[in-house]
Structures are given as structure tokens and as C-alpha cells.
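As a plain string of letters, each chain reads:
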Amino acid sequence: MPAQGYVAAIADWRRDPQAFWMEAARGIDWIRPPERAFDPALGVYGQWFPDGRLNTCFNALDRHVAAGRGAQDALIWDSPMAGTIKRFSYAALRDRTARVAGALAGLGVRRGDRVVIYMPMVPEAAIAMLACARLGAIHSVVFGGFAAAELAKRIEDAAPRVMVSASCGLEPGRAVAYKPLLDAAIAMSAHKPQACLILQRPQVAASMVAGRDHDFAAAEAAAAPHDPVAVAATDPLYILYTSGTTGRPKGVVRDTGGHAVALHNSMRMIYGMRPGEVFWAASDVGWVVGHSYIVYAPLLAGCTSVMYEGKPVGTPDAGAFWRVCAEHGVRALFTAPTALRAIRQQDPEARLLGDHDLSGLETLFLAGERCDPPTAIWAADKLRIPVVDHWWQTETGWAITAGFKGLGLFPPKPGTGGRPSPGYDVQVLDDDGRVLPRGATGNLCVRLPLPPGCAPTLWQNEAGYRTAYLADFPGWYRTGDAGSIDADGDVSVMGRTDDIINVAGHRLSTGAMEEVLAAHPDVAECAVVGVKDALKGQVPLGLVVLKAGAQRIAREVAEELVALVRDRIGPVAAFREARVVARLPKTRSGKILRASIRRIADGEPAAAPATIDDPAILEEIGAALGGRSSVRES
Ligand code: COA
Ligand code: AMP
């Protein structure tokens, strides 16, 4: 029976979850092995491996060198943007990381201090993350496509002692100077870091602030290597800010021990990877996929990880992914469906595949957004390998549901996100918290406790964690996704139940965009919704009502609003369209009917809800949105 391994693993876990995870913990080298798997009395819902001590960087690098993998590639940096490919053996990556840890320590970074990393996709980003882990310092990586104001929010919340950044990122056709954004963010933030470590890239030279800024290469060269520092398994390894429903991002905390155990285990159980094999997550270190599957998991498992600075198309063409897979012998590729849609749009017959030998590529894993079936079918047909959609989120850090290559449940049922990973008891609840029968759609929830690797709390905001995830359904973690579980136990994820949208696999808050629009002097009220887009899955659309007496041309205001969102949130928001309307549809109690707006924008039937104040507004909105150019059916 092909799923035997999975069935047995689930049975083992259900019978004795603590024994299951203690067994998985044997894959990690502990400084003090945990005697207990879980303490339900600690933290918000309990904590994993409460008495264990370890160092994640040691587990990711040093132990592999000691075990004879020193000469094996740990990281391959492939940058069509810079026209460079660089390989780092485990020994070389360990040595560079140890020196950068020494440089950070020289700037005063100690265990428990925060370090904000605002970097493009360069190896030094991974090195800086691992160097923090080596010191027991807590890194917080901020995606490069965010604007200064978003970076400032994260600096203020994390209060870093040091920041690590680069002179520029490379986007097609332009270099994005990071340093002015960094300087602006520090100026905006009430918290000021003591020092900045700046990587000078050849494409743009950053001007340095005397006394505060230090050259990355010089500091690394001058530093003595630093040894790994023992930390508690429950110590935070990193904070990763993600979009919530308001403009205030949530600081998702990852602990050290549970994370190492869960990620190491996932490489075998889900991805079927063995030490020495090449894994490529085509994501960015600024997102959770980049944290988990560019940096930590492949290295914890002794694999070779590919880090790619480029796009799926245009760098130079839609064959870029196939070139990277062939050139580096990638065995498993992990990307977002939007990247495949981009490739398919430009090369529908996948002719560029013919230029490359992909015989080594065994599996394609997809996540980050719902995968539309035509894209999954296209990929499976052209690549002739199993395509695995798997569902997870920043908070969980690894897959909630998946196909399990290492457990024989593979590939998962097409059109679903697969079955729950051992460790997750996933159920569908109605709005009153009752478990719904198989087939019914409702709130996808996970019974507490969450497994190792999932966020134990939000950074200095335990109350916020309870409110956001635990309050609605006591005893459960609310994922914020809607979906169903079929008779076989396969899970389908439909979309968010809140105001979070998914743009090109990037998680964004419409609430944050509304805050920006509402700050425009001529805007009386506004609504931002995510509407369908053939390439990015969803894109934001803003509707605004102008203040009475605002004598402005609608087109001008709309252009200002687009510029404002780009300036305050960043280009990654892809906010390209705002429409001025006379009024917004609301309930009688004054709540804006965003779901109705979205359905109208998507061209779906939008029957007036019973609570609507004035049904005629829906027709007005329909007329105002008629002929929108950016709405394309997927
Ligand atoms: N630094 C600075 N700017 C950045 C950036 C970064 N790290 N990343 C993106 N941007 C900018 C882009 O240059 C673009 O700017 P523009 O508006 O001036 O063109 C904007 O942010 C939007 O970027 P992006 O989302 O990459 O859209 P795109 O139109 O350039 O490319 C895709 C479309 C589909 C090719 C691209 O979105 C993609 O590769 N998506 C995959 C996403 C992914 O891997 N997600 C991780 C989840 S697993
Ligand atoms: P992020 O925290 O950025 O990883 O985004 C998490 C959100 O992306 C989830 O809550 C889902 O809404 C969506 N998502 C991620 N993976 C999938 C998937 N495989 N299918 C459907 N939605 C997904």
C-alpha cells in the first residue's frame, strides 16, 4: 500500500505525540538533549523541548563539516542579475559565518539581541542569518521590496542593536539602492540601532554614516571567528514580520529547538531529500519559504541549497528555472504557482525546456497561494514529474498539509493541498466552533498544541497572539484560511477569511493599504480588495470616496494614491489601480461590503446581502468598475 508510511507515521504520532517528536529530535545535535518533548504549562499553548540546549548554526554547518561534508557544496548562489554563480562548501560557509558572527559580536551583538537584516538575494543574507543564530542573537529579515516606512515599523518593534544591509538590490532593468531606504527608515524609527553592517555591491556604492556604518567585507576580514553559543530550545531564533489585518505587521516568533527538529524532519518526510542532494526553493529570504527552505532546512539536512537572484521570466527568458535546475542538478524545486504562470504565459509550449537536461529533477513543490488546476496540470504535463501543492503559512514555518515523498503518500490527490502533516490535527469548524463533517467548507483550524516549528508567540505581544489565532475557537489555532476536507482526508484550501490578500505569492494586508489611502488629504473613505489577476493570482484594487468639496480630477487623485502606496508600503504591493466612486456599499450598521465589491470587480454575480443599506450602490460600483483593464480571468 503506497501510503503505508504515512498511515504508520500518523498512527505513531496520534498514539504518543511526545514520543514521535522525541524520536524526530534525534536528528539534531543537542548540547543538552531534551528530556521532555513538551511542557503544556509554558507560554501561550505550551513549548517544545523545554529543557534542551543547542545551537542552530552548529547544526546547519559545523556538524556537517565534522561529519566529513566540509568539501560538499552547502550553498550555490546563482544570480543572472549579477551574471555570477558562486559555490560555498560547508567548510567555506562555516568559516565565513563564524567570522561574520565575530564581526557582529564586535559590534556588541549578544545572545537575545535583535539584528534586522534588509538584504537582497545575496549569500551574505544567509550568512548574516546564520551568524546571528551562531551568537544566539535573533534576526529579523525584512523583504527588500518593502518601502522605508514598512522597514521603520519593523525596526521600531524589534529594536535591533545592529542592522545588516547592502548597497543595492538588482531588479530587471534597474538597481534598487537599499541604503537610502535604510537611512530613511532609521530616521523614521524612534528606535535607533547602534551600528549598521553594509555590504557594498559593485553595482551601487552606498554612502556611509561615520561612526555608525561599517563595511561588511572589511569587518568580516578583521574579525576573529566566533564559536556557536549554546541557547535554550525555547529561545527565539528569529522574528519574521508578516501581514495582519491592520497596518501593524505581526512579529511571528520562531523558537530554536522545535524549529530545528521540525525542519530537519520535513526534509526527509515531505520532500524526500537525502544529505548531499540539491534542493532549490525559488523564493526570497525575506519570506518564510526563504527562511525555512533556502537557509535552514536544506542545511540542517546536509543538502545543497540553491539561492537564486533573478526572476522566472526575463532573466533572461522563461527557461531560467530549467537552466538553474539542469546546471546545478536540482532534485526538488519549490516555487509559487505565480512563477509557473509567468513562465507559461511566455512559453506556453515549454519549448525552452528542450534546451536543458532535467533528468535529475524529480519533484515540483508549490505553495504560497492556491494553485489553479490549469497551472498544475500544465507543469505536470510539461515536466513529467509529480507536482505537489502544499499548504502552509509564516506562522507554521513548515507545511500543514502536503504530499509526503518520504512516507510514500505521493503525489497528493490533484487539486488538493494533500493530507495533514503528522503533528497537525486539522479540522474544519463552523463560525460557532463546531467541527464540521467531511466535505463541508468552513474555517480551517488546527487543534492545540501546534507541532514543533510553529510560532509559539508574537514578538512581545502574547495578547496579540491569543486574539489573532486562539480567541475565536478556544482550544484551536485559527489559520485564517477557509477550506474543506474530503472523505479521504485530503484538504482543499479556498482562500483567506480575513483581509489578507496574496499577490504573486506575497502576503499583503488590504488594511495596511487602506490606512495609506485614508491618509491622503482628499480621501473621505476607502476600501481595498484583492481582485483576480491572471499572473499574480490577486492584485489590490482601491476604491475611494473623496471628501465633500474636494475639487480634484479623479485620475490625478488615483495616480497620487498609487504613488503613495508604492512609497509607504513598497513596489511589492503591486498597487496599480485606484478608482474614485461616489459612495461605497455598506451594511445598515455602516460596515463596508468588501466581499461584494470584490465579486463585482471579479465579474461574479453579486447579489445584494440582506444587510445592505442601499442595494442601488452595487449597480453604481459595477458601472464604475466596468472596463477595468487589470482584471483578467485566470
Ligand atoms: N527589492 C526591491 N524591489 C523589489 C523586490 C526586491 N527584493 N522584489 C520585487 N520588487 C519590485 C519589483 O521590481 C516590481 O517593481 P515594479 O513595480 O517597478 O515593476 C514590484 O516589486 C513587484 O515585483 P514582483 O512581485 O516580483 O512582480 P513582477 O511583476 O516584477 O514579477 C513574477 C512577477 C510573477 C515574475 C514575480 O512576482 C515572481 O517571481 N513571483 C514569485 C514569488 C515568490 O517566489 N514568492 C514566494 C512564495 S513561495
Ligand atoms: P504566508 O504567510 O506568506 O506564507 O502566506 C500564507 C497564506 O498563503 C495562507 O494562509 C494561505 O492563504 C496561502 N497559501 C499558502 N500556501 C497555500 C496553498 N498551497 N494553497 C492555498 N493557499 C495557500
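Look up a bit, the structure's there.
Remember, it's a predicted structure, so these values are computed and weren't measured experimentally. (Residues numbered from 1 in each chain as written. Chains lettered and ligands numbered in written order. Predicted model: local features only at pLDDT ≥ 70, side-chain atom pairs only at ≥ 80, totals over all residues. Heavy atoms only, no water.)

Caption draft 1: The arrangement of the site of ligand 2 in detail. Around ligand 2 sit 15 residues, and of these His390, Thr394, Asp481, Arg496 and Arg507 come closest. Gly368 places a main-chain nitrogen or oxygen 3.1 Å from a nitrogen atom of ligand 2. Glu369 is positioned such that a nitrogen or oxygen atom in its backbone is 3.5 Å from a nitrogen atom of ligand 2. For ligand 2, whose accessible area on its own is 500 Å², the fraction buried by protein is 93%. For the shell around ligand 2, the per-class residue count stands at four nonpolar, five polar and six charged. (Near = heavy atom within 4 Å. Polar contact = N/O pair within 3.5 Å; in protein donor to acceptor, adjacent residues only side chain to side chain. Areas by Shrake-Rupley, 256 points an atom, 1.4 Å probe, with all protein chains shown as cover. Nonpolar A, V, L, I, M, F, W, Y, C, P; charged D, E, K, R; others polar.)

Caption draft 2: Quick peek at the site of ligand 1. Of all residues adjacent to ligand 1, which total 21 residues, the nearest are Glu171, Arg174, Lys311, Arg566 and Arg576. Within the side chain of Arg566, one N or O atom sits 2.8 Å away from an oxygen atom of ligand 1. Split by residue class, the shell around ligand 1 holds nine nonpolar, six polar and six charged.

Caption draft 3: Inspection of helix 17 (residues 594-601) at higher detail. Along helix 17, the positions that sit buried rather than exposed are Ser596, Ile597, Ile600 and Ala601. Buried positions in helix 17, seen along its axis, are confined to an arc of 135 degrees and lie on one side of it. Taken together, the buried residues of helix 17 touch strand 29 (523-533), strand 30 (537-546) and helix 18 (616-625). Backbone geometry just downstream of helix 17 places Gly603 in the positive-phi region, at approximately 75 degrees. (Buried < 20%, exposed > 50% of the residue type's maximum accessible area, 1.4 Å probe, protein only. Helix = DSSP H or I, 4+ residues; strand = E, 2+ residues; numbered from the N terminus. Arc of directions from axis to C-beta. Contact = heavy atoms within 4.5 Å.)

Caption draft 4: Summary view of the pattern of salt bridges. Summed over the entire model, instances satisfying the criterion amount to 53 salt bridges. For Glu277, the salt bridge identified is with Arg274, shortest N-O distance 2.9 Å. Given a relative accessible area of 15%, Glu277 falls into the buried group. Close ionic contact of Arg447 with Asp425 constitutes a salt bridge, the shortest N to O distance being 2.7 Å. In this pair, Arg447 is assigned in strand 24 (residues 442-447) and Asp425 in the loop between strand 22 (419-420) and strand 23 (426-429), connecting sequence segments 22 residues apart. (Salt bridge = Lys/Arg side-chain N within 4 Å of Asp/Glu carboxyl O.)

These figures come from the coordinates and say nothing about function on their own.
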